[in-house]
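# Per-entry structural report
Next come the chains, spelled out residue by residue.
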Amino acid sequence: AEWALWRGFLTMHRDLMRELDGRLQRDSGISQADYSVMLTLFDAPDRRLRPGALGEALGWEKSRLSHQLARMAARGLVERAECDTDGRGTWVVLTREGRRTLLHSLRDHAASIRSLFLDALDPDEKQVLARATERVLERLGEAAQRAAS
């Protein structure tokens, strides 16, 4: 039963992310990866982050982030800017076009998340899932701390 729960969770996550990505692409012309980068930058001070901080916030490897940013910069969604305090460093900046694209996608994406995920759960299930998520994240944080020491 526990392995069936695990496999069901993996299948749900894969299929949910695939559907959300397809809807984002169809409705807004962006991928889930584009959305994640733009939302993270939108929430950052001055709509910009250093590449390392952006990669850490997203949980992405440097190579993946670099390729994603190159594709997004070619479409005018983000740009790199020199860092005033570090001549070797750069910022990743959300452009005006990136902000417009993100804001255009927010309503439809939120509606998709609601209809596909949130509305499928009753209030008790949401509370149980929230508690379970917190416990798993705590355990992952503890494991990361042990690995780092």
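This text gives an overview of the structure that appears in the document. (Residues numbered from 1 in each chain as written. Predicted model: local features only at pLDDT ≥ 70, side-chain atom pairs only at ≥ 80, totals over all residues. Heavy atoms only, no water.)

This model, assessed by the stated rule, comprises one aromatic pair. Seen from their ring centres, Trp6 and Phe9 are 5.8 Å apart, and the 25° between their planes marks the pair as stacked. Taken together, the residues Trp6 and Phe9, both in helix α1 (residues 2-28) and three residues apart, mark about one turn of the helix. A residue is classified by how much of its surface remains accessible, and Trp6, at 43% relative accessible area, is partly exposed. Above the plane of the ring of Phe42 lies Arg47, whose end atom (NZ or CZ) is 4.0 Å from the centre. Positioned over the ring face of Trp91 is Arg48, at 4.1 Å from the centre of the ring. (Phe/Tyr/Trp six-rings, centres within 6.5 Å; stacked < 30°, edge-to-face > 60°. Helix = DSSP H or I, 4+ residues; strand = E, 2+ residues; numbered from the N terminus. Buried < 20%, exposed > 50% of the residue type's maximum accessible area, 1.4 Å probe, protein only. Lys NZ or Arg CZ within 6 Å of the ring centre and 35° of its normal.)

So, on to the pattern of salt bridges. Applying the stated criterion to the full structure yields eight salt bridges. For the salt bridge of Arg18 with Asp15, the shortest nitrogen-to-oxygen distance reads 3.7 Å. Taken together, the residues Arg18 and Asp15, both in helix α1 and three residues apart, mark about one turn of the helix. The shortest N-O distance in the salt bridge between Asp27 and Arg26 comes to 3.6 Å. Given the relative accessible area of 33%, Asp27 is considered partly exposed. Three or more residues are tied together by salt bridges with common partners; here these are Arg14, Asp15 and Arg18. (Salt bridge = Lys/Arg side-chain N within 4 Å of Asp/Glu carboxyl O.)

Another aspect to go through is the side chain of His109. Its location among the elements puts His109 in helix α5 (residues 96-116). The contacts of His109, once residues within four sequence positions are left out, are Leu20, Leu24, Gln32 and Tyr35. (Contact = heavy atoms within 4.5 Å.)

All right, on to a positive patch on the surface then. Together, Arg131, Arg135, Arg139 and Arg146 make up a positively charged patch on the protein surface. Relative to the elements of secondary structure, Arg139 occurs in helix α6 (residues 123-148). (Patch = residues over 30% accessible without salt bridge, like charges linked within 9 Å, V, L, I, M, F, W, Y side chains within 5 Å. Areas by Shrake-Rupley, 256 points an atom, 1.4 Å probe, with all protein chains shown as cover. Lys, Arg positive; Asp, Glu negative; His and termini not counted. Charge placed at Lys NZ, Arg CZ, Asp CG, Glu CD.)

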